[in-house]
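# Observations on chain architecture
Here's the letter readout for the chains.
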Amino acid sequence: MYFRFYYYGDFWGSNNRSTYVKLKDGSDPTLLAQKIEKDVNELIRQEHLARNYIPTEKDFYKWHLQPLNEVYLYSEGWVALGEQGSIRNVYILAIIALIIMLVAIINYINLTTARSSQRGREVGVRKVAGASKGLLAAQFISESVLQSVFAGVIAIVIAQVTVPIFGRITNRELALVESEQGWVILLTLGLAILTGILAGIYPAFILTSFKPVSALKSSFMDIGGKGSFRKVLVTGQFAVSIILLIVMSFIYRQVNFMLHEDLGFQPDKVIKIPLNEDNAFRRIDQLRSEIKRISGVQEITTASSLPGGPLPDWGMFIQGREDRIAPRALMCGPNFANTLDIELKEGRFFNSQIAGDSLDNYIVNEKFVKEYQLDNPVGQRIKWSNDTTYGQIVGVIKDFHFLGLADEIDPLVMMGGDWRSEAGIKISTENLSATIKELEVLWTQIEPNYPMRYSFVDAEFAMQYEEQVRFGQTILYSTLLTLFIALLGLFGLTSFNVERRIKEIGIRKVLGASVTGIITLLAKDFMKLLGFAFLIAIPIGYYLSNHWLSDFANRTEMAWWIFAGAGLVTLLAGFSTVCVQSLKAAVSNPIKSLKSE
C-alpha cells in the first residue's frame, strides 16, 4: 500500500511521524525515553504558550522506545514500515497447534487403555516371570515414543509437501527446511519424543498396575471401572472442536460484515491515484475540464488522503472555549463529497466559485458535532492551534468510515490546503480499460516524470481485512483437522466397543432386536458425551468469540444459530462415525459371533 506524507507541520505538537534512534552500546532505553519525554514535552509546552494557550496534562504524551524487531508484531495502529502483524494471532495459532497435538495424545491414551484387555495377560505373564513394574513401564513408554518418532518423520515429509499450500493460504513465503534451519528437524523430533512420553505415561501406569492373578484369569479387563476417564477425554476433545467451530464461524461472519457493510460513501467506483509532486493537485484543477471530458469519468477530487489511508489528528480550538481539541484533519478540494457520494446533513460543501472558500471555512462530520456538543454547528468559529484567526463551519456531512469498520468514527474536520497527496476519480465501470488508457495519456501532462498508478478504493478497504480473511482460513483448516482427529479417535473407540460387545449384539439379534435398536444402543453413550461437550463449549465459545470481536468498533451480533450450528455439525459428524461401525455389527450374522459359545 502506498502512502506519501509531505503535509506535516513543522511543530512539536504533530505526532504522526515515526522516529528511529540508533542507541550506543550499553545505553538504557528506559532512561533515554524518560529524557526524550521530558525534553520534547517541554518544547510542546513552549509552543502552546507561544499561541496563548496554557496546556493541561492531556496535551502531553507518554514517550517510550520500541525495539525495531518488535515493531511488526507488537505495534498498535499505523506503522511507517507498512505491513503489520499481530502477536495475538501468533499465540492463537500456537495454542491451536497444541490443541491438535493434545487431541491426538488423547486418542492414543483412549485407544491404548481401551484395548488394555488384550495386553492384560501379557503383563501378568511378564510379572510372574519376574519383570518389575518399572521395566514394564519403560517398555510401554518406549513403544509410545517409537510410534511418535515414526509419526514425526512422516509428519516432516507431509509438512514439506504441504507447506507451499499453507503458504498460499496465509500469503506468506514459507519453507520448512532450509540450509540454516536444520534445527527445525531436530526440534520436531524432540517434540515427537516428548509427545510420545506424555502419551505413554498414563497407559503405562495403568497397564503395569494389573495384578498378575487378575490379569491371567480374566478374559477382559476394563480400565477405570466403566471407562469414566476415557469419557472425560472424549468429551474434552469434542468440546475443543465445537469451540473452534464457534470461533471460526464468528471470524468469518465479522470479516463478511466488514466487507459488505455500508461505509457511508461509495468506494466501488472511485480510483485512487497517488501524487508525487507538490503542484500536481494544481495541475489537476487546471485540467479538470479536460479530465471530465474523458468518457467514463464522472468526477475528480484531490485530498491529503482518500478513505483507507492515514488521517492525522491536529490540535484545534472552538471560539469561546478554553479546552484544546484534537479531531482528525483532512485537506481536500470542493468536489470531494460529490466524488465519494458523501451525504450533506447541514449547510453546504465548499464552493469552487467562491474565492478562498475552502481555506477560510471548514466542513465537519456528525461525530464532531456530537463529540464537542455543538447545538448549532453551522456558523460556529474554529481554528487550528497554530492559526491566529478563526474560520467558520459551513457544513456538516454524514458520518462515514474513513479508516474502515474496525475503527471508531472519529471527529473529522475538512478544509482546503496545499498538502494534497492523492487524487480520487469517480468513473463508470463500463468500458473501464478505455477510460484508464485515456487517463494515462492525459496524466503525462500532470506528472510527466511519473507513471499513473491507481487502485480502487474498495480494493484498498478489502486489503485491510485480508489478514483477517487469511487468519480465518487458517482457523478453518485447523478446526477441520482437529475435528477429523477427534472423529478418528471416536471411530477407534466405537470399533473397540463393538468388538467387546459382539456376543451381546448377537444374543440381542437372536432375541429379536432390530438394527435400529442395536445402533441406538451402541450410539447413545457416545451421543451423551457429545451432548455434554456441546454444553461445555457454549460458554467458552461465547467468551472467546466475544473477546475477539471486542477489538472491532463495528461488529457483528452474537447470533445464537452459530452456536447451534457448530454443535449440530459436530453431533452429526460424531453420530455418522458411530453409526458406520454400529451398522456393521447390527447387520452381521449372529451365528458367527455366537458359534464359539
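Counting restarts for each chain: residues are numbered from 1 in the order of the written sequence. The predicted nature of this model means local features are confined to residues of pLDDT at least 70 and side-chain atom pairs, given and counted, to a pLDDT of 80 or more, with totals for whole chains, interfaces and linings taken over all residues. With hydrogens and water stripped out, all remaining heavy atoms of the structure feed into the side-chain values.

## Focus on the pattern of salt bridges
The salt bridge criterion pairs a side-chain nitrogen of Lys or Arg with a carboxyl oxygen of Asp or Glu, the two atoms within 4 Å. Following the criterion strictly, the structure yields twelve salt bridges and no others. Its salt-bridge partner being D341, residue K426 comes within 3.0 Å of it at the nearest N-O pair. In this pair, K426 sits in strand 10 (residues 422-427) while D341 sits in the loop between helix 11 (336-340) and strand 5 (344-347), placing the two residues 85 residues apart along the sequence. Here's how the labels work: a residue is buried when its accessible area is under 20% of the maximum for its type, exposed when over 50%, partly exposed in between, all with a 1.4 Å probe on protein chains only. According to the relative accessible area criterion, K426 is buried, its value standing at 14%. In this text, helices come from DSSP runs of H or I with a minimum length of four residues, and strands from runs of E with a minimum of two, each type numbered from the N-terminal end.

## Comments concerning the nonpolar core
Within this scheme, the nonpolar core is defined by two criteria: the residues are buried Ala, Val, Leu, Ile, Met, Phe, Trp, Tyr or Cys, and they are joined through side-chain atoms within 4.5 Å. Of all hydrophobic cores here, the largest spans 66 residues; its most connected members are F238, F336, F349 and M414. The element best represented in this core is helix 8 (residues 228-260), accounting for 13 residues. Among all residues touching F238, those that are not within four sequence positions of it are L483, A486, L487, L490, L530, A533 and T570. In terms of nonpolar packing, the next biggest core, distinct from the first, is built from 21 residues, I271, I284, I291 and M452 among them. Two residues form a contact once any of their heavy atoms are found within 4.5 Å.

## Quick notes on the packing of helix 8 against helix 16 (residues 466-500)
Every axis corresponds to a line fitted to the C-alpha atoms, with the helix fit spanning only the stretch in contact, and the corresponding angles, defined between N-to-C directions, vary from 0 to 180 degrees. Contact geometry of helix 8 with helix 16 gives a least axis separation of 9 Å together with a crossing angle of 155°. Put simply, helix 8 runs roughly antiparallel to helix 16. For the element pair helix 8 and helix 16, the recorded crossing hand is left-handed. Three residue categories are used. Nonpolar comprises Ala, Val, Leu, Ile, Met, Phe, Trp, Tyr, Cys and Pro, charged comprises Asp, Glu, Lys and Arg, and polar comprises the others, including Gly. Residues that form the contact of helix 8 with helix 16 fall into these classes: 18 nonpolar, seven polar and one charged. Here is the rule for angles: anything less than 35 degrees is roughly parallel, anything more than 145 is roughly antiparallel, 65 through 115 is roughly perpendicular, and the remaining ranges are oblique. Working rule for handedness: look at the near helix, and if it is turned counterclockwise from the far one by less than a right angle, call the crossing left-handed; if clockwise, right-handed.

## Overview of the confidence of the model for the protein
When the pLDDT values of the protein are averaged, the result is 81; 88% of them are 70 or greater. This stretch, residues 1-8, has a pLDDT under 50; its non-local contacts, to residues over four places away or in other chains, come to 35 contacts. pLDDT gives the predictor's per-residue confidence on a scale running from 0 to 100.

## Here's the deal with the sheet that holds strand 2 (residues 297-303)
Between any two strands, at least two bridges found by DSSP are needed for them to pair. Across the sheet, which stays open at both edges, the four strands sit in the order 2-10-1-11 with antiparallel pairing between neighbours. If you trace the sheet from one side to the other, it starts and ends with strand 2 and strand 11 (455-456), each paired once. Sheet analysis places strand 2 next to strand 10, joined by six bridges and oriented antiparallel. Along strand 10, the bridge assignment pairs E299 with K426. In the packing of helix 14 (residues 432-446) onto the sheet, the strands contacted are strand 1 (270-274), strand 2, strand 10 and strand 11, and the crossing angle to strand 10 comes to about 145°.

## Here we look at a nonpolar patch on the surface
Patch definition: residues with relative accessible area over 30% and no salt bridge; like charges joined within 9 Å; nonpolar side chains (Val, Leu, Ile, Met, Phe, Trp, Tyr) joined within 5 Å. For the area figures, the Shrake-Rupley method with a 1.4 Å probe applies, and any residue is considered shielded solely by the protein chains shown. Where nonpolar side chains cluster on the molecular surface, the patch consists of L191, I193, L194, I197, L198 and I201 and spans about 500 Å² of accessible area. Along the chain, the position of L191 falls in helix 6 (residues 183-207).

## Notes on helix 14
Because each turn of an α-helix spans 3.6 residues, side chains separated by three or four positions in sequence point in the same direction. A helix is expected to span 1.5 Å multiplied by its residue count minus one. With 15 residues, helix 14 ought to run about 21 Å at 1.5 Å a step, and its terminal C-alpha atoms sit 21 Å apart, in line with that. Burial in helix 14 covers these residues: T435, I436, L439, L442, W443 and I446. Looking at the buried residues of helix 14, the elements they touch are strand 1, helix 9 (280-286), helix 10 (288-292), strand 2 and strand 10.

## What about the packing of aromatic side chains?
Centres within 6.5 Å are what make two rings of Phe, Tyr or Trp a pair, Trp counting through its six-membered ring; a difference in plane orientation under 30 degrees is then read as stacked, over 60 as edge-to-face, and the rest as tilted. Summed over the entire model, instances satisfying the criterion amount to ten aromatic pairs. For the ring pair Y362 and W384, a centre distance of 6.1 Å and an interplane angle of 80° mean the geometry is edge-to-face. Of the two residues, Y362 sits in strand 6 (residues 361-365) while W384 sits in strand 7 (residues 381-384), which places them 22 residues apart along the sequence. Pair check on accessibility: Y362 and W384 agree, each one buried. Aromatic ring contacts, followed pair by pair, group W314, Y362, W384 and W419 into a single cluster.

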